[in-house]
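The primary structure of each chain is shown beneath.
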Amino acid sequence: MKLPHTNRRDFLCGAAAGAVALTLDLSLLRPVLAAEGVAKAARSYQDYRDVYREKWSWDEIGIGTHTCTNCASGGCAWSLYVKEGIVWREEQSAPYTQTNSSVPDYSPRGCQKGASASALYRSASRLRYPLKRVGARGENRWKRISWDEALDEIARELVTTLSTRGGAGAYVENGNNADFGPSWIAMVRFFTQLGIPITENFASVGDLMTGATATLGNPVPGGSSDDWFRTDYFVNWFGNPISTRIPDAHFITEARYRGAKIVSITPDFSPSAIHADLWISPRPGTDAALALAACKVIIDEKLYDEPYVLEQTDLPLLVRSDTRQFLRETDVVEGGRPECFAWWDEKKKQIVWSASSAGYDQDKRTLRLQPDDHPALEPQGVTVTLLSGKKVSLRSGFSILRDKLAAYDAQSAAKITGVHANVIRRFAREFAQAKSAIIYCGAACPKILHGDLVQRAQILMAALTGNNGRPGGGWQEMTFFELDGKILSAFVENVCDLKPDDPAGIWAALIQMGREQHESPTYFSGSMMRLEHAGTRSERLNPAYNDPTLPRTPEQFLKEALARGDINNYPGPELSKPEIIFNMFGNPFRHSRMGHRLAETRFKDARLIVDLTLRMDDTARHSDILLPTAGPYEKLGVKYSVAYPPYFHLGDKVVEPLGESKSDWDILALLAHRVAEEAKRRGVSTVTGYRGRPYDLTRTYERFTDKGRLNPEKAVELILELSPATKGITLEALRANKGVARYTGVSQLGKMWCGTTEDYKVDEPLVAFMDMSVRKRPWPTSTGRQQFYLDHSIFLEVGEELPVHKEPPMAGGHYPLTLTCGHTRWSIHSAWRDLDVLLHLQRGEPVIFVNPDDARTRGVADHDYAVVHNDLGQFIVRAKVTPGIRPGQVHIYHGWLSTQFVGGRDNDSICPSPIKVTQLAGRHGHINNDVGWYEVAQNDRDTKVDFRKHVA
Amino acid sequence: MSKRQLAMVMDLNKCLGCHTCTVACKQLWTRDEGMEYMWWNTVNTMPGRGAPRDWEQMGGGFTPDGQARPGRLPKRAEFGEAWKFDHEGSYYGGQGDDSHLKIKDGSPDWGPNWDEDEGAGEYPNSFHFYLPRICNHCTHPACVEACPRGAVEKREEDGIVTVNEDRCRGYRFCQSACPYKKMYFNHQKKVAQKCIFCFPRIEQGVAPACARQCPGRVRFVGYRDDEAAPIYKLVDKWQVALPLHPEYGTEPNVFYVPPVLPASYGPDGDIDESKPRIPDEYLVSLFGPKVLDALATIKAEREKKRATGESELMDLLIAYEWKNMFGGFDRSPETVSVIRWRK
C-alpha cells in the first residue's frame, strides 16, 4: 500500500538503508522549510531509529468510529491519526474506564476491520465520483459524470414518475449499513415525505427471531456484554461470538477464569468452541430436539424453579380440550374481558383470571401473585361450563407440555441429534443447577426454517430454570439503546419545534408518528417483496423444500393469510413494477437469497436505478447512476446503538470526503432542492404517496430540512436532546471525551428496546427483563407471561402450539450435505470482504470448509476448486479441508461478494429460503404481523447440496 | 545482557484469532515498499504449518551445548506474497459476470494465515488454537550472533532487538539463524527488518500497538524484573507463562499461557474426561515439559476462584482494569506530542 504522502518517508527509509545514510546531511532540507516560513527547526536525523519514530507521528488526531456498518458489537471508539489531510491509521482510543470493580472494563474494544478502516475508505473499490452506466446493466462499463448531470437527471425522472404514478412508482432497496445519525435520518425523511416506500430488512436478511417475539414479546432481548462475565454457565448456541463479537468476547474468556463453565453448541468446532469447556455438535437443524430433551430432564428431575414458572410463564394457564385454545374470560362470562386468561387455584378450587393478562383491568395488571393465590401447575379433572352451556375439560399448558416432552427422552433425542444421551443429561443438569445461566442465541438460529421452534425451546430451558430476568442469566440475542430523537428526527416533519424539556410533547409526537406510520407505513416487507416480485416465488413456496408434515401447501397458507388481511406491510401488486429504484446502505444482490434474480425482475423492469454507495459492489454493477457517498471519517455520524457496550459513539467529520463523494445528507438535500425546482418548473404540485397520502412536491426541500433548520449537526443535537438514553449528553461533551458517553437512560419507545427494562444504572451491567422479574410488570405478550403456548389457528394446524422439533427440510432438493453459514471474523457482511490487506490474511478467494472424509470421497483436495450444487444451480469455490467440520456439513462464512466467485454466483444464489408458515400468523394478541416484529423471514441454513471437483 | 528486559505474556485462552494485532502492526509499520509481504506480528492456527510455511523445521537457534544450530533461509514464497487483486477488471472491465476479483499473477499456495482454523485430529476430537507471534526479543538472540556486521542490536536499556538499517548490508545470516523465522528481508531496500517492540511508543510510555490494540486483552507488557507487575507474577511467581520452543536455546522474552480446550469425546460419543483434547505431548513439544504444571495450576486456581471468589492468578488473567496489563506502559497515545520532522 502506498499512500500519496509517503514520498518523503520513502526517501528517508531509502536513505537509511544504504551507506549513503551515514553521510546524509538532512540540514539540506532546512532551506526548504525556511522557505515555507516554518519557524520551528527540523530535528536532525540521528540514526535509523528516527525513521521509525517518524513513522509513529501525526499532524492531528480526530474522533472516529465506523458508523456505516451495522456491526452487531455496537460501537468502538477510535482515534484517527491524520497526516496531511489523510487518515493514515487509526487506533482504539479506549476511553472506557471501569465503572464497577466487580466486572472487567470495556477497553479497548475494536477489531481488525476497524484497524484497517482507513485502508478500506481509500481502497480500490471505493467510488470517487458520480458514474453513469454506458453498457448493459451488469456489464461494468461506465462514464464519469458531474453531480449536476446526475442530480438533474434523477430529479427529472422522479418528478415524472411521482406526478404519474405517485410514490408507488418508485421504492428504496435498503440495507442495514446505515449510520444511526444524519445518514439514516436523511434517507427516511427524504423518501417518507415523497411517499416512496422502503424495504425493511431485519427479516429479509434473516435476523428476525420470531420465536422470541412470540414467547417474550420482544425479538431483540439482551443486555450489556459485561453481564456475561457474571454468569456461571454461558451457552453459546448457534453463534460464534469469538469471531463476531470481537470487542465483547473477552467477557466470555474472562468469565471462564472467574469459574463459569462455557458451552458452545454448533455442528462445527468453531472459533468459539475452542474457548469452551464443553462443545456439543448436533446434526445441523436438530437443536430444538436437544433443547427439549434438556427441558424433559429438568422437569423429570424436578430441577425447575416452580415459583418462577407459576408467576412468570403461561405454563399454569388453562387450555380447553375441545378447541386446544386457551380458556378466555369471553368463553365463560357474558361481556368478559377479551385476552383474559386463567389458572386453577388448588386451595380455592376455582378458576382465577390472571392479572397478567393483556385484557385484564389495565391499572391492576401485574405478575405478582397475592398471598392467597395458589395456582396449580398441573390441575387434574378441571372442567368448566361455557356460555353455550357446553362443559369442557381444561388442562394446564404445563400438563400438555409434559405429554409433548415424552417424545424427547435423552435416548430418542440422541438419535435425532447425534449427541450422546449422557451429554444431553449432563448439559441439562449443569444448566439447571448453575446459579445463573445464559443462552446466547446466535443469528444463525433464525436462518433455519424452524429456527422459531429452536428459540422457543431454548427460552423454555431458560424460563424453567428461572433465568430470564436474572443478572448473569437468561436467553439473549442483542438489544439496543433506541434513540427516540433519531426516530423523531427521521419521521417528524417539524422536529425542530420539539422541546427537550417537554417530555409530554415528545411523547405526543411519537404517538402521532406511530399513527401516521400505521396508516401510511414507510417500510414494507423486504422478505415478501422478494417472494412476490423478485422471481423467487416458486422456490420459496415449493412444498418439497418445506416442512413435509404440513397439511396444506405453503401457498395455501399464504393466500389465506392475505385474504384475512393478517399481514401488514405487504408489498401488493401496486409495488410490482417500479419505474425508479434507489439503493442505500446495502447490497441487495448479495444480502437476498437468490438476490441475483433481481437483475431479471425488478431491476430489469425499472427505468432508472440509482445507487448511493461508498463503493462498487454487486448491486452497483446493476445500477444506472452511482452517487459516491462519503465514508464515516468524512462526515458526522452516530453508531448503531447496540447495547453490548452501553455507550453512545460519535463519529466526527475529520477529513474531507474522498474525491467528489458527498454525505448522504448532502446528496439528498441537493436532490430535494432540485425536485422542488423541477416540480415548480413543470407546474406539478400535489402528488400522492404510495398509500395515497397527498403532499406538495414543490415543498420537498423545505420539508426535508424542516424549513432550513435541520442539518447534520442539528440532527445529532436533536438525537442527544430528545432521547432519554442520552439525556444530559451534549455534542461538545462527546467531542471532549473521544466521542463516547455512557448511556444515561432507556428509551420511551418501550417494549422491545433495552431488553424491556427500566432498571438501567450507569455503573452496572444491563440485564434484560428486570421489569418483569423484579417489578412484576407483565410481559408484552397476550398472557402477560413468557408464552410458550400459541393458540393461533396456524400453530394448532401444524402442531406447533408448543415448541417441538421438526426435521430440517430438504431445501434445494435431495442432496446429502447441508450448507451451513455464519458470520466471519473477516468482514461485517460484505464490507471489508474485498479489502486487500484482509484478503492477504485469508486465501484471497471464497472458501468452503469441508470435512476430510467428505472431500476425499469426492476427490477434492485442499484448495481445489469445488462446484457446490443443488436443484437451484451452483457456485464455484475453493475447498478448505478441516476435521473441525462435522461430516455432512459444508460451511461457508458469509458476506463474500458474488463478484469474488469464479462464474459470478455466490452461495446465496442456491438457497431457496422456504417460508415458515407460522410466520404468516397475525392479528392475534401480540402476534401482529409487522415489519421488524413478526413476519416471514428469509433463511438459508437448511440448504441441501453436494459438491464435486471443478474442472476448468 | 541488557540492564533491563522488556517482555510480553500472551494468554492463549483469551486469543480470539482476530488478527487485530496483525493489522495494527501492519498499518503502523510495514506498508512501505518492500515491506508489503511482511507481518511482524502473525497469528497462526496450531497445529499448523504456520508462517513462513513449516518454520519449525527450518532450524536455527542453538544446540543444548550452546553451539549454533544450522538454519536455512526461508523463501519468500514460504511467507506468501501480498497478492494484488484485479479490482479494476472486475468493476470497470466491461466483462460482466465473466470477470471476477482475480488474484493477479497466478495462483498462490501459501500466505501468512493459510491454514487458519484447520488444526489436527479427527472429528469430533479435532483440536486447534491460535498462536500469535512477534519477535521474541531473546536474551540470547541468534540473529545478533549471526550478523557479521554487528547490525542486529540488543538495546542496553530495555533488551529490544532491532536491526541497525544504517549498518545492515543484507547478508541475511540473521534470517537463517533465527529459529522462529521472525526476521524479514526487504527486497527493495536490501536490508533485514523485524518487529521493533514498538520502541518509539515504548520510549513515550505507550504499550506496543499489538498489545494495546488487542480487543481480546491477551497481551501483558512490562519489564521482566518488575516484581509488582503482571509479567513477573505470571512468568516467575505463578509459572503459568512459558516460552515457545525453549529448546531453541535463545531464551525468548515472549511467554504464553497455554490453552485449555473443551473436553474430548470417547469412541461411544460420551465425554471422556481421561484425556485432554490437545494431547499433552503436543503442548510439551511447543512449550516444554513445564507446560503440564502450568495447566495444573490454571485448573486449580480456576476452581478456587469459582468456589471462593479469590485467586490472585485468575484476577491477573481476567485483567479487571485493562490499563494494568501494561506494566506502567499505559499512557494514552493521544497525550503524546511526538517530536517529528516538520512537513
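Asks: Go over the overall build of chain B, please, and point to the residues and values.
Replies: Within chain B, the secondary structure is distributed over 11 helices and 12 strands. In chain B, the proportion of contacts linking residues at least 24 apart, taken out of those at least 6 apart, comes to 65%.

Asks: Break down the overall build of chain A for me, with residues and values.
Replies: Scanning chain A for helices and strands turns up 34 helices and 32 strands. Compactness check: chain A gives a C-alpha radius of gyration of 29 Å against a globular reference of 30 Å for 952 residues, within 12% of the reference. Across its three principal axes, chain A shows a C-alpha extent of roughly 100 × 70 × 60 Å. The burial tally for chain A puts 64% of its 952 residues in the buried class. When contacts within chain A are restricted to residue pairs at least 6 apart in sequence, those whose partners lie at least 24 apart make up 75%.

Asks: Could you give an account of the environment of Glu312 of chain B, with specific residues and numbers?
Replies: By secondary structure assignment, the location of Glu312 of chain B is in helix H11 (residues 312-318). Taking the C-alpha atoms as reference points, Glu312 of chain B and Glu301 of chain B, 11 residues apart in sequence, are found 8.5 Å from one another.

Asks: Summarise the interface of chain A and chain B; cite the residues concerned and give the values.
Replies: Between chain A and chain B, the contact holds 98 residues from the first and 89 residues from the second. Of the residues contributing to the side of chain A that touches chain B, the split by class is 41 nonpolar, 33 polar and 24 charged.

Asks: Account for unusual backbone geometry, naming residues and giving values.
Replies: Residue Pro52 of chain B is bonded to the preceding Ala51 of chain B through a cis peptide linkage, with omega at -5°. Of the consecutive residues Tyr123 of chain B and Pro124 of chain B, the connecting peptide bond is found in the cis state with omega at 0°. In this structure, Pro124 of chain B sits in the loop between helix H3 (87-92) and strand E3 (129-133). In this model, Phe585 of chain A sits at a positive phi of 65°, which is unusual for a non-glycine residue. With respect to the helices and strands, Phe585 of chain A occurs in the loop between strand E19 (580-584) and helix H24 (588-591).

Asks: How would you sum up helix H29 (residues 712-722) of chain A? Please name residues and give values.
Replies: Every α-helix winds through 3.6 residues per turn, so residues three or four apart in the chain are directed the same way. If you check which residues of H29 of chain A are buried, you get Pro712, Ala715, Val716, Leu718, Ile719, Leu720 and Leu722 of chain A. Where H29 of chain A is buried, its residues touch helix H8 (182-193), helix H19 (484-491), helix H20 (503-519), strand E22 (637-638), helix H27 (664-682) and helix H30 (731-736) of chain A.

Asks: Break down the sheet that holds strand E2 (residues 78-83) of chain A for me, with residues and values.
Replies: All names here are of chain A. In spatial order, the strands read E1-E2-E3; together these 3 strands make up an open sheet with antiparallel pairing. In this open sheet, the two edge strands, each paired with only one partner strand, are strand E1 (60-64) and strand E3 (86-92). Put simply, the sheet's adjacent strands are angled 35° from each other on average, direction ignored. Pairing of E2 with E3, which is carried by 6 bridges, proceeds in the antiparallel orientation. The residue bridging Ser79 from the neighbouring strand is Glu91, located in E3.

Asks: Explain the packing of H8 of chain A against H27 of chain A residue by residue, including any values.
Replies: The packing of two helices is summarised by the inter-axis angle and the distance between the axes. Residues and elements named next belong to chain A. Put simply, H8 and H27 touch, their axes get as near as 8 Å, and they point 25° apart. Regarding the angle of H8 to H27, the classification is roughly parallel. Note that H8 runs across H27; the crossing there is left-handed. Side by side, H8 and H27 meet where Pro182, Ser183, Ala186, Met187 and Phe190 of the first sit next to Asp664, Trp665, Leu668 and Ala672 of the second. Across the contact of H8 with H27, the residue classes break down as 7 nonpolar, 1 polar and 1 charged.

Asks: Could you give an account of the nonpolar core, naming the residues involved and the relevant values?
Replies: Residue and element names in this part refer to chain A. With 365 residues, the main nonpolar core has Phe234, Val235, Ala294 and Ile424 as its most contacted residues. Residue contributions to this core peak at 10 residues, all from helix H12 (residues 287-300). Ignoring sequence-local partners within four residues, the contact set of Phe234 consists of Trp228, Ile252, Ala255, Ala260, Ile262, Val263, Ile438 and Tyr440. With 29 residues, the next largest nonpolar core counts Ile848, Phe849, Ile876 and Tyr893 among its residues.

Asks: Give me the lowdown on the sheet that holds strand E15 (residues 391-396) of chain A, citing residues and values where you can.
Replies: Residue and element names in this part refer to chain A. Taking strand neighbours across the sheet as the criterion, the 3 strands line up as E11-E15-E14 in an open arrangement whose pairing is antiparallel. Edge strands, defined here as strands with exactly one partner in the open sheet, are strand E11 (318-320) and strand E14 (382-385). Looking at each pair of strands side by side, their axes are set apart by 40° on average, direction ignored. As defined by bridge partners, E14 adjoins E15 across 4 bridges and the pair is classed as antiparallel. Across the sheet, Thr383 pairs through a bridge with Ser393, a residue of E15. With respect to the sheet, helix H15 (residues 397-405) is in contact with E11 and E15, its orientation differing from that of E15 by roughly 70°.

Asks: How would you summarise H8 of chain A if you had to cite specific residues and measurements?
Replies: All names here are of chain A. Taking 1.5 Å of rise per residue, the 12 residues of H8 would be expected to cover 16 Å, and the 16 Å separating its terminal C-alpha atoms lies within 8% of that figure. Burial of H8 is extensive: 12 of the 12 residues sit out of reach of the surface. Buried residues of H8: Pro182, Ser183, Trp184, Ile185, Ala186, Met187, Val188, Arg189, Phe190, Phe191, Thr192 and Gln193, and no others. Just beyond H8, the residue with positive phi is Gly195, at close to 70°.

Asks: Kindly report on the confidence of the model for chain B, identifying the contributing residues and their values.
Replies: Confidence in the prediction for chain B averages 96 pLDDT; 98% of positions are at 70 or higher. Across the interface, the model reports ipTM at 0.98; the global pTM reads 0.95.

Asks: Residues and numbers for the pairing of strand E10 (residues 254-257) of chain B, please.
Replies: Residue and element names in this part refer to chain B. With burial as the criterion, each face of E10 is covered, one bearing Val254 and Tyr256 and the other bearing Phe255 and Val257. Bridge count between strand E9 (residues 242-243) and E10: 2 bridges; the pairing is antiparallel. When the sheet's bridge partners are listed, Leu242 is paired in E10 with Tyr256.

Asks: Explain the packing of helix H7 (residues 147-165) of chain A against H27 of chain A to me, using residue names and the numbers behind them.
Replies: Residues and elements named next belong to chain A. Direction vectors running N to C along H7 and H27 enclose 55°, while the axes themselves pass 9 Å from each other. Classified by the interaxial angle, the pair formed by H7 and H27 is oblique. In terms of crossing hand, the pair formed by H7 and H27 is right-handed. Two secondary-structure elements touch here, H7 through Leu151, Asp152, Ile154, Ala155, Arg156, Leu158 and Val159 and H27 through Leu670, Leu671, Arg674, Val675, Glu678, Ala679 and Arg682.

Asks: Residues and numbers for the confidence of the model for chain A, please.
Replies: Across chain A, the average pLDDT comes to 93, with 95% of residues at 70 or higher. Contacts from residues 1-41 of chain A, a stretch scored under 50 in pLDDT, to residues over four places away or in other chains number 45 contacts.

Asks: Provide a residue-level description of the pairing of strand E16 (residues 437-441) of chain A, including the pertinent values.
Replies: All names here are of chain A. The element E16 is extensively covered by neighbouring structure, given that 5 of its 5 residues are classed as buried. The two faces of E16 match: Ala437, Ile439 and Cys441 on one face and Ile438 and Tyr440 on the other face are all buried. Examined bridge by bridge, strand E8 (residues 233-237) and E16 share 5 bridges and lie parallel to one another. In the sheet register, Asn236 faces E16, and the bridge partner there is Tyr440. Pairing analysis gives 3 bridges linking E16 to strand E17 (residues 474-476), with the strands arranged parallel. In the sheet register, Tyr440 faces E17, and the bridge partner there is Gln476. Each parallel crossover has a hand, and for E16 linked through helix H18 (residues 451-464) to E17 it is right-handed.

Asks: How would you summarise the environment of Pro371 of chain A if you had to cite specific residues and measurements?
Replies: All names here are of chain A. Structurally, Pro371 is set in the loop between strand E13 (350-353) and E14. In this structure Pro371 comes out as exposed when scored by C-beta crowding, with 5 C-beta atoms within 10 Å. Spatially, the C-alpha atom of Pro371 lies 36 Å from that of Ser102, the residues being 269 residues apart in sequence.

Asks: Please set out the environment of Asp771 of chain A residue by residue, giving values where relevant.
Replies: Residue and element names in this part refer to chain A. Relative to the assigned elements, Asp771 resides in helix H31 (residues 770-773). Residues Asp771 and Arg128, 643 residues apart in the sequence, show an inter-C-alpha distance of 50 Å. In this structure, Asp771 is in contact with Thr756, Thr757, Glu758, Asp759 and Arg777, ignoring residues within four places of it in sequence.

Each value, and the rule that gives it
- Residues numbered from 1 in each chain as written.
- Chains lettered and ligands numbered in written order.
- Predicted model: local features only at pLDDT ≥ 70, side-chain atom pairs only at ≥ 80, totals over all residues.
- Helix = DSSP H or I, 4+ residues; strand = E, 2+ residues; numbered from the N terminus.
- Contact = placed C-beta atoms within 7 Å.
- Rg over C-alpha atoms; globule rule 2.2 N^0.38 Å.
- Buried ≥ 20, exposed ≤ 12 C-beta atoms within 10 Å, placed from the backbone.
- Nonpolar A, V, L, I, M, F, W, Y, C, P; charged D, E, K, R; others polar.
- Pairing = 2+ DSSP bridges.
- Axes fitted to C-alpha atoms, helices over the stretch in contact; angles between N-to-C directions.
- Parallel < 35°, antiparallel > 145°, perpendicular 65-115°, else oblique.
- Left-handed = near helix turned anticlockwise from the far one by under 90°.
- Core = buried A, V, L, I, M, F, W, Y, C linked by C-beta atoms within 7 Å.
- Expected span 1.5 Å × (residues − 1).
- pLDDT = per-residue confidence, 0-100.
- Right-handed = clockwise from strand over helix to strand, strands pointing away.

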